[in-house]
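As a plain string of letters, each chain reads:
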Amino acid sequence: MRLTKFEHAALLLEDSGKKLFVDPGNFTSPLTDTGNTVAVVITHEHADHWTPEQLKRILDLNGEVPIYAPEGVATAATDFDITVVHAGDTVEAGPFTLRFFGGKHAVIHESIPVVDNLGVLIDDQLYYAGDSFVVPEGVEVDVLAAPAGAPWMKMAETMDYVLAVKPKRSFATHEMVLSRAGKDLAGSRIQWATEQNGGEYLALEPGDSIDL
């Protein structure tokens, strides 16, 4: 399986010629090469994790493909056929196995409603918790997508999260709200936390790919 990181929270997984997109939102460049997509995962309803335009770029080339997301996305994305999933669900999507965790977005502020959010474990290798710090209990995570910057987090929380998950490899995601200096600083902190348990930090930039 091959992982490509796009800007901010968007990821592409490829296996056996098939594609899975995760969280293509408005901080991500317009998707272009979307043919052979078998599924989309949206962790929650915020626009930096999905937009109608990004979904249409996928559906226009592939027809109807399943879009897996929590209930809040189905309520927000009424023009699309959303397959609602919940924490504890396991779904087969083409060559990909998806396991879902969590249930709620991290708190931004008491004045802002807490929305539905699901973390996803893909093929028991890549874990991405969306906008949360939900640890996938009982899972040995190969690659962790760790948040670098957001109004719902501080770096100490991300570091503790990485220490708790103990991934073999990690990379920074949710970084487009940061300056270049901020990205480098966040990356160094995620690297430190990853290395405490013998893991390796991958300094991926948008467009970079790795094999899992």
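Residues numbered from 1 in each chain as written. Predicted model: local features only at pLDDT ≥ 70, side-chain atom pairs only at ≥ 80, totals over all residues. Heavy atoms only, no water.

A. Molecular detail of the overall build of the chain. The secondary structure content of the chain amounts to four helices and 14 strands. Overall, the chain is about 45 × 45 × 35 Å in size when its C-alpha atoms are taken along their principal axes. The 212 residues of the chain split such that 54% are buried. Contacts in the chain between residues at least 24 apart in sequence constitute 57% of all its contacts with a sequence separation of at least 6. As presented, the chain carries roughly 9000 Å² of accessible surface, and 49% of it is formed by carbon and sulfur atoms. Averaging the locations of the 15 positively and 32 negatively charged side chains of the chain gives two centres separated by 4 Å. (Helix = DSSP H or I, 4+ residues; strand = E, 2+ residues; numbered from the N terminus. Buried < 20%, exposed > 50% of the residue type's maximum accessible area, 1.4 Å probe, protein only. Contact = heavy atoms within 4.5 Å. Areas by Shrake-Rupley, 256 points an atom, 1.4 Å probe, with all protein chains shown as cover. Lys, Arg positive; Asp, Glu negative; His and termini not counted. Charge placed at Lys NZ, Arg CZ, Asp CG, Glu CD.)

B. Fine view of the nonpolar core. Counting 29 residues, the largest nonpolar core has Leu 13, Leu 98 and Ile 122 as the members making the most contacts within it. Mapped by element, the contributors of at least two residues to this core are strand E2 (11-15), strand E3 (18-22), strand E4 (37-41), strand E7 (90-93), strand E8 (96-104), strand E9 (116-122), strand E10 (126-128) and strand E11 (143-147). What Leu 98 contacts, discounting residues up to four positions off in sequence, is Leu 20, Val 41, Tyr 68, Asp 89, Thr 90, Val 91, Ala 93, Val 120, Leu 121 and Ile 122. Val 139, Met 155, Val 162 and Ala 193 belong to the second largest nonpolar core, which has 23 residues in total. (Core = buried A, V, L, I, M, F, W, Y, C linked by side-chain atoms within 4.5 Å.)

C. Representation of the packing of helix H3 (residues 155-165) against helix H4 (residues 180-195). Here H3 crosses H4 at 30°, and the two axes come no closer than 8 Å. The angle between H3 and H4 falls in the class roughly parallel. Crossing geometry of H3 relative to H4 is assigned as right-handed. Contacts between H3 and H4 involve Met 155, Thr 158, Met 159, Val 162 and Leu 163 on the former and, on the latter, Ala 186, Arg 189, Ile 190, Trp 192, Ala 193 and Thr 194. Of the residues contributing to the contact of H3 with H4, the split by class is eight nonpolar, two polar and one charged. (Axes fitted to C-alpha atoms, helices over the stretch in contact; angles between N-to-C directions. Parallel < 35°, antiparallel > 145°, perpendicular 65-115°, else oblique. Left-handed = near helix turned anticlockwise from the far one by under 90°. Nonpolar A, V, L, I, M, F, W, Y, C, P; charged D, E, K, R; others polar.)

D. Just the pairing of E2, in detail. Bridge count for strand E1 (residues 2-5) against E2 is four bridges, and the pairing is antiparallel. Each residue of the ladder has a partner; that of Lys 5, found in E2, is Leu 11. Where E1 hands over to E2, the hairpin turn is made up of five residues, of which His 8 adopts a positive phi near 60°. In the sheet, E2 pairs with E3 via five bridges, with the strands oriented antiparallel. (Pairing = 2+ DSSP bridges.)

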